[in-house]
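Descriptive structure summary
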Amino acid sequence: MERNYRIAIIGSGPSGFFSAEHLLRLNPNCEVDMYERYPDPFGLVRRGVAPDSQNIRNVSKAFDEIAKNPRFIYFGNVDVGIDVSLNELRPFYDAIILACGMETSQRLGIPGEDLYGSYTASSIVGWYNCHPVYQSLDIKLDRERVFIIGMGNVAIDVARILTRPIEELKGTDISDNALETLKTSKIKEIYIVGRRGPAQVKFKENELLTLGEIGETDILINPEELILNEASDEEVKASPSLQRIMDILKRFSETKPTRKRRIYFLFLRTPIRIEGQGRVERVLFEKNVLEGMPNKQKATGSGEIEVHECDYIISSIGYRGNKFPGVPYDEMKGIIPNIAGRVVKEGTVIHGLYVTGWIKRGPVGLIGNNKPDSLETVKNLLADLPTLPLCEYPQRNNLIQYLKDKDIKFITYEEWKKLDQYELEQGEKEGKVRKRLCDVEEMLKLLNKVR
Ligand code: NAP
């Protein structure tokens, strides 16, 4: 082999960076070019993790180290599929890994979901995390009662950010828009609602404990909500972590309300309709029963309907991937169909095209889970490399010239580090960990790269 292998990674979130790390470490002849739609890298780490969880965001320091490798290069501000197509890139790469994650919330698919006051978790998370698309989200929080649908960690994140005292948020990197709105928030009650029971919650024990530690907020549960059927009882007995979650929930059910805000947990309810004149005013739930064997129980409607007055609905029921132009898509699962990371079309492997992260396996798992996931993809890619047809233009300079000829104003990692430094300095002036840039044009202007 007289030249290096040329690999492109589309997406700069954790699964993209972990893939780069594996490639660079496992094969000294691999060069990695990483593409990112926005000028700033890190995907979920910057735009998904809640701003009061800076310790989790710190994983980006490890990504900085990966980016220092001379065989790695970053092309920020390049939207593959829009600015340049996958087909246009293929002659420059021996293999391409799609690590584009999942940004879109699953929809409830019920009447009234589009009323003013109804939001998806991805829009709320994007709003408080400086996602350029959600900075102009029309949300006032000038009313009292919120219903969050879903019992996962994202639902807990959202409830926590909506209730945390401003004093605890203002030193974080939360967006200015969100901070200003939260300062005058009138929210008094948040209901977190699950379609199944307390034994089937998806959030983790630590997240639940942290929620319980927020000053000014009581967590309340009607003890009847915690009554388990036989199958759920078995599920809890078989799982120490579920037992601990049940213990925490029981403790909450003994709380006497004394503080200014309240979070309630409601189980066995599926929202069936949202109603209101021009905005959310109430939500109707059907009460459920659980049916099935332990660990396979499904919620079935009982026919009993419950009506709750409310001002905001936030659906936090998981994510799905966006379609990637020219790439197969599994409509049912919202992922790119693949066998262990090799992209497949109607059961046949597409040579040289790979996938990793949430868009490969679905929207489950913590940031660290992307490490073994990307290792599987990278190992298969490396095993395939000697058998793949070599690309037409293997010199990096050819690619860079091509992007320049297309007038694509890409951002290098060094330029991103300037933005990073700017955010840190501006943050220091205001006593924050950093002051985030939320606007792509502003980032480009700071780098003298206005489109
Ligand atoms: P999730 O963990 O899959 O939870 C989704 C919740 O929505 C479940 O309670 C699910 O109930 C419910 N749901 C799904 N479809 C529904 C429907 N049609 N109607 C009503 N309820 C429905 O998803 P997530 O909270 O978005 O989290 C995604 C991943 O990111 C998870 O792996 C999570 O652990 C991770 N994450 C981690 C952290 C952290 O470490 N701090 C923070 C955020 C996210 P069923 O169980 O009945 O399906």
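By convention here, each chain's residues receive numbers from 1 onward along its written sequence. Per-residue local features are limited, in this predicted model, to residues with pLDDT of at least 70; the limit for side-chain atom pairs, both in listing and counting, is 80 or more; totals at the level of whole chains, interfaces and linings are taken over all residues. Side-chain numbers here rest on the full set of heavy atoms in the structure, without hydrogens or water.

Structural notes on the domain arrangement of the protein
In plain terms, the rule: The domain limits used here are those given by an automatic or database domain assignment. Note on definitions: salt bridges are taken to be side-chain nitrogens of Lys or Arg within 4 Å of carboxyl oxygens of Asp or Glu. The definition of a polar contact used here is a pair of N or O atoms within 3.5 Å, where within protein one atom must be able to donate a hydrogen and the other to accept one, and adjacent residues in sequence count solely through side-chain atom pairs. Secondary structure is summarised from DSSP: a helix means a run of H or I of at least four residues, a strand means a run of E of at least two, and numbering begins at the N terminus for each. Classification used: nonpolar for Ala, Val, Leu, Ile, Met, Phe, Trp, Tyr, Cys and Pro, charged for Asp, Glu, Lys and Arg, polar for all others including Gly.
The domain boundaries assigned to the protein delineate domain 1 (5-103 + 321-411) and domain 2 (104-319). The C-alpha centroid of domain 2 is placed 33 Å from the C-alpha centroid of domain 1. Here domain 1 is connected to domain 2 by 3 salt bridges. For the salt bridge of R164 with D52, the shortest nitrogen-to-oxygen distance reads 2.7 Å. Connecting domain 1 to domain 2 are 10 residue pairs in polar contact (both at pLDDT 80 or more). Residue assignment for the side of domain 1 that touches domain 2 shows that the elements contributing at least two residues are helix 2 (44-47) and helix 3 (54-57). Taken together, the residues of the side of domain 1 that touches domain 2 break down into 8 nonpolar, 4 polar and 5 charged.

A closer look at helix 4 (residues 60-67)
Since the α-helix advances by 3.6 residues per turn, residues separated by three or four positions end up pointing in the same direction. Operational definition: Accessibility here uses a 1.4 Å probe with only protein chains present; expressed as a share of the type maximum, an area under 20% marks a residue as buried, one over 50% as exposed, and anything in between as partly exposed. By construction, the arc corresponds to the directions joining the helix axis to the C-beta atoms. We call two residues contacting when some pair of their heavy atoms lies within 4.5 Å.
For helix 4, the complete set of buried residues consists of S60, F63, D64, I66 and A67. Down the axis of helix 4, the buried set is contained in an arc of 160°. They therefore lie on one face. Next to the buried residues of helix 4 lie helix 1 (14-26), helix 2, helix 3, strand 3 (72-75) and helix 16 (413-429).

Describing the site of the ligand
Test applied: Residues are classed as near a molecule or strand on a simple rule: at least one heavy atom within 4 Å of it. Under the convention used here, a 1.4 Å probe and the Shrake-Rupley method define accessible areas, while residue burial counts only the protein chains that appear.
The full set close to the ligand counts 19 residues, and N153, R195, R196, E207 and G365 are the nearest of them. One of the side-chain nitrogen or oxygen atoms of R195 is found 2.8 Å away from an oxygen atom of the ligand. Separating a nitrogen atom of the ligand from a side-chain N or O atom of E207 is a distance of 2.8 Å. Contact with the protein chains covers 82% of the free accessible surface of the ligand, which is 930 Å². Element by element, the count of residues in the shell around the ligand is highest for helix 7 (residues 153-163), at 3 residues. Across the shell around the ligand, the residue classes tally to 8 nonpolar, 6 polar and 5 charged.

Details of the nonpolar core
For the record, the criterion: The nonpolar core is taken to be a set of buried Ala, Val, Leu, Ile, Met, Phe, Trp, Tyr and Cys residues, with the residues joined through side-chain atoms within 4.5 Å.
Grouped together as the largest cluster of nonpolar side chains are 51 residues, with contacts concentrated most on Y128, I192 and F265. The residues that make up this core include at least three from each of domain 1 (5-103 + 321-411) and domain 2 (104-319). In contact with F265, other than residues within four places in its own chain, are M151, I156, I192, F203, L208, L211, I219, L220, I221 and E225. Counting residues in each nonpolar core, the second largest holds 39 residues, with I7, Y38, L388 and I411 among its members.

Some remarks on helix 12 (residues 240-253)
Heads up, the condition is: Under the convention used throughout, the expected extent of a helix is 1.5 Å for every residue step, that is, one less than its residue count.
Its 14 residues give helix 12 an end-to-end C-alpha distance of 20 Å, which sits within 8% of 20 Å, the value for a rise of 1.5 Å per residue. In this structure, the buried side of helix 12 is in contact with helix 10 (205-212), strand 9 (217-220) and helix 11 (230-237).

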